[in-house]
Amino acid sequence: MRLFLQQRSDGSEAPRFVQLMLQPDLLGGWALVRESGQIGGRSQLRRSQFLDRESALSALEQARDQQLKRGFQLMFSQGTEAPK
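From a predicted model like this one, the values you see are computed outputs, not experimental measurements.

**Q** When you look at the environment of Ser43 in this model, what are you seeing that I'm missing?
**A** Note that Ser43 resides in strand E4 (residues 43-50). Given a relative accessible area of 40%, Ser43 falls into the partly exposed group. Each C-alpha atom, one on Ser43 and one on Val18, is 9.2 Å from the other, the two residues being 25 residues apart in sequence. With sequence-adjacent residues up to four places away left out, Ser43 is seen in contact with Phe17, Glu35, Ser36 and Gly37. Among the polar contacts made by the side chain of Ser43, one reaches the side chain of Glu35 at a distance of 3.0 Å.

Right, here's the structure in full:
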């Protein structure tokens, strides 16, 4: 599952983005990967590990909701199940 969120730019800077990805790992757990930065610039990558998919999905939904409150807009969603 992958979500791409973006903030509108004020014209003087490139818009900021956040990408949230949910990925299975090799040991049966799940990883929430968060990438954020300015479009066309440097980005920061963070990874959080979870034992089950439900915990990882809950963390993804919380991260998405946080970014929506900060003014980001959901631009793209990909995956078999859309989060609530």
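**Q** Looking at this model, I keep getting lost on the side chain of Glu35. Mind explaining?
**A** With respect to the helices and strands, Glu35 occurs in strand E3 (residues 30-38). No salt bridge is formed by the buried Glu35; the nearest opposite charge belongs to Arg2, separated by 7.6 Å.

**Q** Hey, could you run me through the pairing of E3 in this one?
**A** Across a regular strand the side chains alternate sides, sitting on one face of the sheet and then on the other. For E3, the tally of buried residues reaches seven of nine residues, placing the bulk of the element in the interior. Here nine bridges tie strand E2 (residues 16-24) to E3, and the two strands are oriented antiparallel to one another. Bridge pairing links Arg16 to Gln38 in E3. Sheet analysis places E3 next to E4, joined by eight bridges and oriented antiparallel. Following the sheet pairing, Trp30 is matched in E4 by Phe50. The antiparallel pairing of E3 with E4 creates a hairpin that spans four residues between the two strands, and Gly40 there sits at a positive phi of about 85 degrees.

**Q** Whenever I open this one, the pattern of salt bridges confuses me. Can you help?
**A** Two side chains carrying opposite charge are able to pair once their charged atoms lie near each other. On inspection of all chains with the given rule, the structure shows one salt bridge. Notably, a salt bridge pairs Arg64 with Asp65, separated by 3.0 Å at the nearest N-O pair.

**Q** Quick question: what am I supposed to make of the nonpolar core here?
**A** Inside soluble globular proteins, nonpolar side chains tend to come together where they are buried. Counting residues in each nonpolar core, the largest one holds 14 residues, and the members touching the most others are Leu20, Leu22 and Leu60. Ranked by residues supplied to this core, first place goes to helix H1 (residues 53-69) with five residues. Apart from the residues lying within four places of it in its own chain, the contact partners of Leu22 are Met1, Trp30, Ala31, Leu32, Ala56, Leu57 and Leu60.

Rules used in this analysis
- The residue count restarts for each chain, going from 1 along the sequence in the order it is written.
- Side-chain atom pairs in this predicted model are given and counted only at pLDDT of 80 or more, local residue features only at pLDDT of at least 70, and totals for whole chains, interfaces and linings cover all residues.
- Neither water nor hydrogens contribute to the side-chain values; these are computed over all heavy atoms in the structure.
- Think of it this way: any DSSP run of H or I at least four residues long counts as a helix, any run of E at least two long counts as a strand, and we number them from the N terminus.
- Categorising residues by exposure relies on relative accessible area from a 1.4 Å probe, with only protein chains included: less than 20% of the type maximum marks a residue as buried, more than 50% marks it as exposed, and the intermediate range marks it as partly exposed.
- Throughout, a contact is declared for two residues whenever any of their heavy atoms are within 4.5 Å.
- For this analysis, a polar contact is any N or O atom pair within 3.5 Å, provided that within protein one partner can donate a hydrogen and the other can accept it, and provided that sequence-adjacent residues contribute only side-chain to side-chain pairs.
- Counted as positive: Lys and Arg. Counted as negative: Asp and Glu. His and the chain ends are not counted at all.
- For this analysis, a salt bridge means a side-chain nitrogen from Lys or Arg found within 4 Å of a carboxyl oxygen belonging to Asp or Glu.
- Two strands pair if DSSP finds at least two bridges between them.
- Nonpolar core, defined: a set of buried Ala, Val, Leu, Ile, Met, Phe, Trp, Tyr and Cys residues in which side-chain atoms within 4.5 Å join the residues together.

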